[in-house]
Amino acid sequence: MDEQIRKLQQMLDESRFTLVVTGAGISVASGIPSMHGLNLVETLQFVSNNVLRATPEHYYRVARRSFLKAMFENGPSLSHKKLSELEQKGKVHGIITTNLDNLHSMAGSVNVAEIQGSFAVNTCLKCEKQNFDVNIWNQGKAPRCECGGLYSCWPVYAHIGLYEPDAAKARKWAAKAELVILVGAEGAYGGVYWNSIPSSARIVQINPGKTQFDSSAILNIRKPCDEVFALLD
């Protein structure tokens, strides 16, 4: 086993509270592009409730090309599945993600804080009823509420704002962290949860490229995350 991965395994085994923070990099293996790989024109349409209201089926096609097709056809990556297994073994205690794809929950993880919401947090644009079933986006058409209104996923409905119920969970978990594993993440979202992490917590980063976390991490593993998680118990 690679020495860096051996060290990570040891830290996982010793930690009494391990927090995992994931960004777009963990979902690339599922066919979902990172922010750098998104089509700008389609992204601007996807984040617009005006486009959703005016041309709901066009909006749905854009969302399907950008996110939904990969979400439902490819599903969670090896890393998503391994994190679920590690949670079941009691080695991962919480996952904070900025991803919108709901793949952590689809992989079976329970303690997930989607701090920007996801396709599993939806609000009707007409009556404001909420719907937490991600599968409403897998029906081949724009999802509608019983009242006839269109559902908008939280990141679009709130204009990429925070989903506060999950942000509160993230802060609670961050305050308990002894080990923080950053997976494919590039931003700290300091005021949301990062500033709650104790200074004594050990930080490990899994990311092929350099990020703002390089100087904070005591271990930088420059490998694709699926390679790393395939070797962890």
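Rules and cut-offs
Residues numbered from 1 in each chain as written. Predicted model: local features only at pLDDT ≥ 70, side-chain atom pairs only at ≥ 80, totals over all residues. Heavy atoms only, no water. Buried < 20%, exposed > 50% of the residue type's maximum accessible area, 1.4 Å probe, protein only. Helix = DSSP H or I, 4+ residues; strand = E, 2+ residues; numbered from the N terminus. Pairing = 2+ DSSP bridges. Salt bridge = Lys/Arg side-chain N within 4 Å of Asp/Glu carboxyl O.

K.L.:
I tried to follow the pairing of strand β1 (residues 18-22) on my own but got confused; where do I start?
P.N.:
Two faces make up the sheet, and in a regular strand the side chains alternate between them. When you tally the buried positions in β1, you get five out of five residues, the bulk of the element. Here β1 shows a buried face lined by Thr-18, Val-20 and Thr-22 and a second buried face lined by Leu-19 and Val-21. For β1 and strand β7 (residues 179-183), the ladder comprises five bridges, and the chain directions are parallel. Its bridge partner lying in β7, Thr-18 is registered against Leu-179. Note: β1 against strand β2 (residues 94-97), four bridges, orientation parallel. Across the sheet, residue Val-21 finds its bridge partner in β2, namely Ile-96.

K.L.:
Mind showing me how you'd approach the pattern of salt bridges here?
P.N.:
A side chain with one charge can pair with a side chain of the opposite charge if their charged atoms come near. Within the structure shown, the criterion is met by twelve salt bridges. A salt bridge links Lys-82 to Glu-85, with the shortest nitrogen-to-oxygen separation between them at 3.8 Å. Taken together, the positions of Lys-82 and Glu-85, both in helix α5 (residues 78-88) and three residues apart, correspond to about one turn of that helix. Taking the relative accessible area as the measure of exposure, Lys-82 reaches 13% and is therefore buried. The network of salt bridges with common partners includes Arg-64, Lys-69 and Glu-73.

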